Amino acid sequence: MEKMNIRKIMVFILALVGLLTSVKLAMIYYDANFNQYALPSFCSINEFVDCDGVAKTTESQFFGIPLAYWGIFLYFFIFLMLGANKLKNIKLFKFMEVFKNPLSYIGMLGLISFAISMTLLCVSLFGIKKLCVLCAVTYVINLIIGLTAIDFKNGGIVQAFKDSVTDFMDAIKNKYYRIAFIIVMLFAIGGLYYTTTTLIFAPQVKQQKDFGEFINAKENRYAVNGNVLGEPLAKVVVYTYTDYNCPICEAYNIMIHKAAKDMANVKFVHKNLPLDTECNPFLKSPFHEGSCRMARYAMAAEKQGQFWAINSKFFELHPKTDDEILKIAKELKLDTDKLYKDANSQETKDALAKEIDLAYSQGINATPSTKIGNDVYVGMKPYSELLKLLEDAGASRR
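Residues numbered from 1 in each chain as written. Predicted model: local features only at pLDDT ≥ 70, side-chain atom pairs only at ≥ 80, totals over all residues. Heavy atoms only, no water.

Asks: How should the state of the cysteines be read in this particular structure?
Replies: Note: disulfide means a covalent bond formed between the sulfur atoms of two cysteine side chains. Going through the model one piece at a time under the given rule, you end up with two disulfides. Note that Cys-43 is cross-linked by a disulfide to Cys-51, the S-S spacing being 2.3 Å. Because the torsion about its S-S bond is -135 degrees, the bridge between Cys-43 and Cys-51 counts as left-handed. For the pair Cys-43 and Cys-51, a shared accessibility class is recorded, and that class is buried. The residue that forms a disulfide with Cys-279 is Cys-292, at a sulfur-sulfur distance of 1.9 Å. The sign of the -80 degrees torsion about the S-S bond sets the Cys-279-Cys-292 disulfide as left-handed. (Disulfide = S-S within 2.5 Å. Buried < 20%, exposed > 50% of the residue type's maximum accessible area, 1.4 Å probe, protein only.)

In structure tokens, the structure reads:
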């Protein structure tokens, strides 16, 4: 009995440390995903040891619930198990009498949690390629809790498993406990369905779903030809600022093409903002080299009525030389001689310089950027948010 009490005390201390660690992880998760003004946490040290980075990934939640919250639930359940013998004497907690071997439950939960944790560690190291130190602390705690709670002198893991199963089977023989168990399970399933479908606690997963179609696309299946994207006489005119060597701009280009198909009374107008020192005097060092060349050729293609066609091809193929660009132009049946001449004319270079100057004069210096009315949005917004902005501006869904 004395040894059992010592084991309970050790489990209690470990679970308390685990709970406090999980609460801290939950705070880090909240700051990383919901608080745009939050400073980096103390355990975000570099590119590899980065708790904040892990918290922002889709792997930091399960069924729409952050893993830190699952940890908090685990440790509270352990505390409940530790007090089972006393709690069962209270009317409200009489159901605790079904847990005849609470340490066996705790031991199995600890080991199962550790096994799951090892899977998460592999995902972290080889998938995300980041390590959450505090997560690793809970992994060790779960293992020690499991090893401490299990009585290895009396059957060990096998006996603990048998005790847990036996207790459960004995409990559901009672009609009232069986009904209560079913009700609890239905509520749990309902709750998990809600968190999984709404993703209320997992904005990173919601964003992945919103961005996934565009980021993973190999080509722009919504691509249009001509110089007009949307309705020519649309009330809502959206100005988009992109750079042909900007990785996110490629996905953004597909997104605005889809929006033009899904929304009525809207037109997208492209503005070049190459972040390339060849034509952008506001940059201090080389960045997206070759973007100025593609921007000039896109402007030249507009003179032949094929701006949006070559625009999408530039994002898909990333041509690096004049010859590669002219090959694309030939496939689009453009007059390549005229295209080359127009792209390298002083008129086009001056027009490009004017677009860049105008963008910076409006405080637009990053790509992609979107200007709707007087409002400027930097970066790529989730598709649902983009449609909402267009609706607020006066566009309508088809």
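Asks: Sorry, what's going on with the pattern of salt bridges here?
Replies: According to the stated counting rule, one finds 14 salt bridges in the structure shown. Between Asp-342 and Lys-338 there is a salt bridge, with its nearest N and O atoms 2.9 Å apart. On the criterion of helical spacing, the pair formed by Asp-342 and Lys-338 is a turn pair, its members being four residues apart in helix α14 (residues 336–343). Each member of the salt-bridge network shares a partner with another, and the members are Glu-47, Asp-50 and Lys-130. (Salt bridge = Lys/Arg side-chain N within 4 Å of Asp/Glu carboxyl O. Helix = DSSP H or I, 4+ residues; strand = E, 2+ residues; numbered from the N terminus.)

Asks: Looking at this structure, how should I read the pairing of strand β4 (residues 236–242)?
Replies: Residues in a regular strand point their side chains to alternate faces of the sheet. Taking burial as the measure, the seven residues of β4 include five buried ones, the bulk of the element. The sheet contact formed by β4 and strand β6 (residues 266–272) spans seven bridges and is parallel. If you follow Tyr-241 over to β6, its bridge partner there is Lys-271. As paired strands, β4 and strand β7 (residues 369–372) are joined by four bridges and run antiparallel to one another. Bridged to Val-238 within β7 is Ile-372. (Pairing = 2+ DSSP bridges.)

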